[in-house]
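Chain by chain, the residues run as shown.
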Amino acid sequence: MRPSTLRALKRAAELTRQNRLTEAVLIAEPVILAADSYEGDEILRWLAEHVTDFTGETDKEMH
């Protein structure tokens with residue numbers, strides 16, 4: 001995944017935790033839409049592995 005894509009996803013996660021969803025989407029959507037199929041797969045894996053980055057929950061809170 002390109003470093004700029006990863007930065008955008010991390011920033012979107014931070015904004016989501018701050019309840020700034022509109023801003024998060026404005027940052028993440030363009031990089032997701034611009035991704036080729038390889039990078040798109042990487043983004044999907046990253047998102048699946050980092051759900052708590054967006055929710056702010058820890059594994060202990062989820063159980």
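Data block above holds the structure.
The text that follows walks through the structure, step by step, so that each part is easy to find.

1. Remarks on the packing of aromatic side chains
Each aromatic ring pair is described using two quantities: the centre-to-centre distance and the angle formed by the ring planes.
Here is step 1 of the chain: The final tally for this structure, using the stated rule, is one aromatic pair.
Here is step 2 of the chain: For the pair Trp46 and Phe54, a centre-to-centre distance of 6.3 Å together with 80° between the ring planes defines the contact as edge-to-face.
Here is step 3 of the chain: Residue classification places Phe54 among the partly exposed positions, given a relative accessible area of 22%.

2. Regarding the pattern of salt bridges
Here is step 1 of the chain: Taken as a whole, this structure holds three salt bridges when the rule is applied.
Here is step 2 of the chain: We note a salt bridge from Glu39 to Arg2, for which the minimum N-O separation is 2.9 Å. Residue Glu39 is found in helix H3 (residues 37-49), and its partner Arg2 is found in the segment before helix H1 (3-17); the two are separated by 37 residues along the sequence.
Here is step 3 of the chain: Look at Glu39 and you get buried, because its relative accessible area is 5%.
Here is step 4 of the chain: When its relative accessible area of 41% is taken as the criterion, Arg2 is described as partly exposed.
Here is step 5 of the chain: For Arg20, the salt bridge is made with Glu23, and the minimal N-O distance between the two is 2.7 Å.
Here is step 6 of the chain: Residue Arg20 is classed as partly exposed on the basis of its relative accessible area of 30%.
Here is step 7 of the chain: For Glu23, a relative accessible area of 36% gives the class partly exposed.

Here is what the cut-offs are and how they apply
Residues numbered from 1 in each chain as written. Predicted model: local features only at pLDDT ≥ 70, side-chain atom pairs only at ≥ 80, totals over all residues. Heavy atoms only, no water. Phe/Tyr/Trp six-rings, centres within 6.5 Å; stacked < 30°, edge-to-face > 60°. Buried < 20%, exposed > 50% of the residue type's maximum accessible area, 1.4 Å probe, protein only. Salt bridge = Lys/Arg side-chain N within 4 Å of Asp/Glu carboxyl O. Helix = DSSP H or I, 4+ residues; strand = E, 2+ residues; numbered from the N terminus.

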